[in-house]
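So you can see what is in the structure, the chains are spelled out below.
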Amino acid sequence: MPELKPWWEVALDRRKRLGLTQNDLAEMSGVSVRLIKEMESGKANPRWDRMQMVLEPLGLVPAAVDRVTHE
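Residues numbered from 1 in each chain as written. Predicted model: local features only at pLDDT ≥ 70, side-chain atom pairs only at ≥ 80, totals over all residues. Heavy atoms only, no water.

Draft legend 1. Main features of the overall build of the chain. For the chain, the helix and strand inventory stands at four helices and zero strands. The order of helices and strands in the chain, counted from the N terminus, is α-α-α-α. Considering the chain as a whole, with its 71 residues, one finds that 28% of them fall into the buried category. Summarising the internal contacts of the chain: among those between residues at least 6 apart in sequence, 45% fall at separations of at least 24. Counting every atom, the chain has about 5,600 Å² of accessible surface; 52% of that belongs to carbon and sulfur. (Helix = DSSP H or I, 4+ residues; strand = E, 2+ residues; numbered from the N terminus. Buried < 20%, exposed > 50% of the residue type's maximum accessible area, 1.4 Å probe, protein only. Contact = heavy atoms within 4.5 Å. Areas by Shrake-Rupley, 256 points an atom, 1.4 Å probe, with all protein chains shown as cover.)

Take a look at the structure:
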């Protein structure tokens, strides 16, 4: 099974493929450039609504993650 990338790496890859700068994405999503930088470096733990705001202009949709409970 292929290794899954963290969501912020997927978003960074998509932003670059679309030829967008961090400033472009910030303007399109309505969040600060600082938050974009923190997200792309994996330092930010954004609220769900902020993550959606950033992913939507990139054509990405956050997916629900199933949690496995270990007994």
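Draft legend 2. Up close: the packing of helix 3 (residues 33-40) against helix 4 (residues 48-55). With their axes 12 Å apart at the nearest point, helix 3 and helix 4 run at an angle of 95° to one another. Between helix 3 and helix 4, the angle falls in the class roughly perpendicular. Two secondary-structure elements touch here, helix 3 through L35, I36 and M39 and helix 4 through R50, M51 and V54. (Axes fitted to C-alpha atoms, helices over the stretch in contact; angles between N-to-C directions. Parallel < 35°, antiparallel > 145°, perpendicular 65-115°, else oblique.)

Draft legend 3. Expanded view of helix 4. Within helix 4, burial applies to M51, V54 and L55. Each buried residue of helix 4 lies within a common arc of 95° when the element is viewed along its axis, so the set occupies one face. (Arc of directions from axis to C-beta.)

Draft legend 4. Structural context of the pattern of salt bridges. All chains considered together, the criterion is met by four salt bridges. Taking the shortest distance from any N to any O, the salt bridge between E40 and R15 comes out at 2.6 Å. Separated by 25 residues along the polypeptide, E40 in helix 3 and R15 in helix 1 (residues 7-17) bring together distant segments of the chain. In terms of burial, E40 and R15 fall into one category: buried. (Salt bridge = Lys/Arg side-chain N within 4 Å of Asp/Glu carboxyl O.)

Draft legend 5. Representation of the environment of L25. Looking at the secondary structure, you find L25 in helix 2 (residues 22-29). Here L25 falls in the buried class, since its relative accessible area comes to 2%. A sequence separation of 28 residues divides L25 from M53, and the C-alpha atoms of the two residues are 9.8 Å apart. Every residue in contact with L25, bar those within four places of it in the chain, is listed here: R15, I36, V54, P57 and L58.

Draft legend 6. How the structure looks around the nonpolar core. Among the nonpolar cores identified, the biggest contains 14 residues, and I36, V54 and L58 are the most heavily contacted of them. The set of elements that each furnish at least two residues to this core consists of helix 2, helix 3 and helix 4. Beyond its immediate sequence surroundings of up to four residues, V54 is in contact with L25, S29, V31, I36 and M39. (Core = buried A, V, L, I, M, F, W, Y, C linked by side-chain atoms within 4.5 Å.)

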